[in-house]
There are 2 protein chains.
Amino acid sequence: MKEKEQLCQFKLMASRDALEVIQGKWRIPIIISLTYGNRRFGEIQRDIADISPKMLSQELKALEEYKIVSRRLHDSMPVAVEYSLTTLGHSLHGLLDELLNWGVHFRNEIVSNNNN
Amino acid sequence: MKEKEQLCQFKLMASRDALEVIQGKWRIPIIISLTYGNRRFGEIQRDIADISPKMLSQELKALEEYKIVSRRLHDSMPVAVEYSLTTLGHSLHGLLDELLNWGVHFRNEIVSNNNN
DNA sequence: TATAGCAGTTACCCAAAAGTAACTGCTTAC
DNA sequence: GTAAGCAGTTACTTTTGGGTAACTGCTATA
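Calculation rules
- Residues numbered from 1 in each chain as written.
- Chains lettered and ligands numbered in written order.
- Predicted model: local features only at pLDDT ≥ 70, side-chain atom pairs only at ≥ 80, totals over all residues.
- Heavy atoms only, no water.
- Buried < 20%, exposed > 50% of the residue type's maximum accessible area, 1.4 Å probe, protein only.
- Helix = DSSP H or I, 4+ residues; strand = E, 2+ residues; numbered from the N terminus.
- Contact = heavy atoms within 4.5 Å.
- Buried area = accessible area lost by both parts, 1.4 Å probe.
- Salt bridge = Lys/Arg side-chain N within 4 Å of Asp/Glu carboxyl O.
- Polar contact = N/O pair within 3.5 Å; in protein donor to acceptor, adjacent residues only side chain to side chain.
- Nonpolar A, V, L, I, M, F, W, Y, C, P; charged D, E, K, R; others polar.

Enquirer: Even after reading the chapter, I still don't get helix α2 (residues 27-35) of chain A, so can you show me in this structure?
Expert: Since the α-helix packs 3.6 residues into each turn, any two residues three or four apart lie on the same face. Residue and element names in this part refer to chain A. Most of α2 is tucked away, with 8 of its 9 residues classed as buried. Considered for burial, the residues of α2 that qualify are Arg27, Ile28, Pro29, Ile30, Ile31, Ile32, Ser33 and Leu34. One or two steps after α2, the chain reaches Gly37, where phi turns positive at roughly 110 degrees.

Enquirer: What is the right way to read the interface of chain A and chain B from this model?
Expert: Many authors give the size of an interface as the accessible area that is lost as the parts come together. With 46 residues of chain A at the contact, the number on the chain B side is 46 residues. Overall, the association of chain A and chain B removes approximately 4,300 Å² of surface from exposure, summing both partners, and the carbon and sulfur fraction of that is 68%. Summed over the shared surface of chain A and chain B, the result is 4 salt bridges. Note that A:Asp50 is salt-bridged to B:Arg16, the shortest N-O span being 2.9 Å. Counting every contact that joins chain A to chain B gives 10 residue pairs in polar contact (both at pLDDT 80 or more). Broken down by secondary-structure element, the contributors of at least two residues to the side of chain A that touches chain B are α1 (2-22), α2 and α6 (93-112) of chain A. For the side of chain A that touches chain B, the element with the highest residue contribution is α1(A), accounting for 15 residues. The residue makeup of the side of chain A that touches chain B, split by class, is 25 nonpolar, 10 polar and 11 charged.

And the structure:
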């Protein structure tokens with residue numbers, strides 16, 4: 001079964017590509033916040049109660065580089081910055097959905113399985 | 001829109017639950033290897049070419065604690081150990097699928113988008 | 001004119017994650 | 001009897017991720 005092994009290797013590579021982008025404590029939460037519409041820096045910070053401005057800024061920059069998030073600067077005075085998901089960012093929708101569903105499923109399992 | 005905000009908070013929690021389990025460089029790859037059937041320690045190690053025995057052992061233990069993986073010891077002589085996915089482990093199938101699809105999608109996007 | 005809000009940045013520190021290398025005890029095959 | 005494969009473990013080091021606190025420059029509001 002050489003085919004099977006090649007498929008396995010292919011999947012391993014694909015998973016690495018994906019993980020490279022979404023890895024870390026804050027990226028998924030940031031993306032989730034942005035699925036609720038365009039958001040300002042401070043708004044995201046309020047959504048994700050325990051993120052520091054340093055981490056938010058750092059991770060937003062990373063997500064921008066991966067073309068997941070776009071940053072629009074409105075040249076009003078006091079600077080207003082608007083973050084939003086790109087098309088590529090929105091393409092994470094299905095993955096996010098599965099992640100959330102599984103998160104809920106997992107919590108139910110561990111709560112109910114005092115048996116086992 | 002108080003509802004919207006509560007839903008957002010709910011999703012943030014669910015994502016944390018899920019991430020706690022699948023976070024890290026090696027867990028997803030290990031789970032992928034195990035979707036190809038029950039596997040011995042050495043087989044997983046060969047699937048995932050660059051994992052060290054230390055990391056494999058450590059992550060398998062963690063996945064066992066989360067009830068994602070089960071370890072069966074055959075008391076033959078030379079010890080044979082068989083790892084497999086639990087039901088909970090198999091329930092990650094949909095998530096893995098989305099992850100892999102997105103990984104492929106992402107790679108295609110960044111390869112083709114020399115424009116932008 | 002002092003305070004608060006906007007959108008961050010900077011320097012410093014610590015803990016966790018991961019890598020490296022060597023070693024274990026067991027058995028079978030050469 | 002020596003090498004190789006099984007399934008790991010141990011000690012040590014490096015790297016990275018993330019936390020904390022203080023600070024920036026700008027503006028609107030009280």
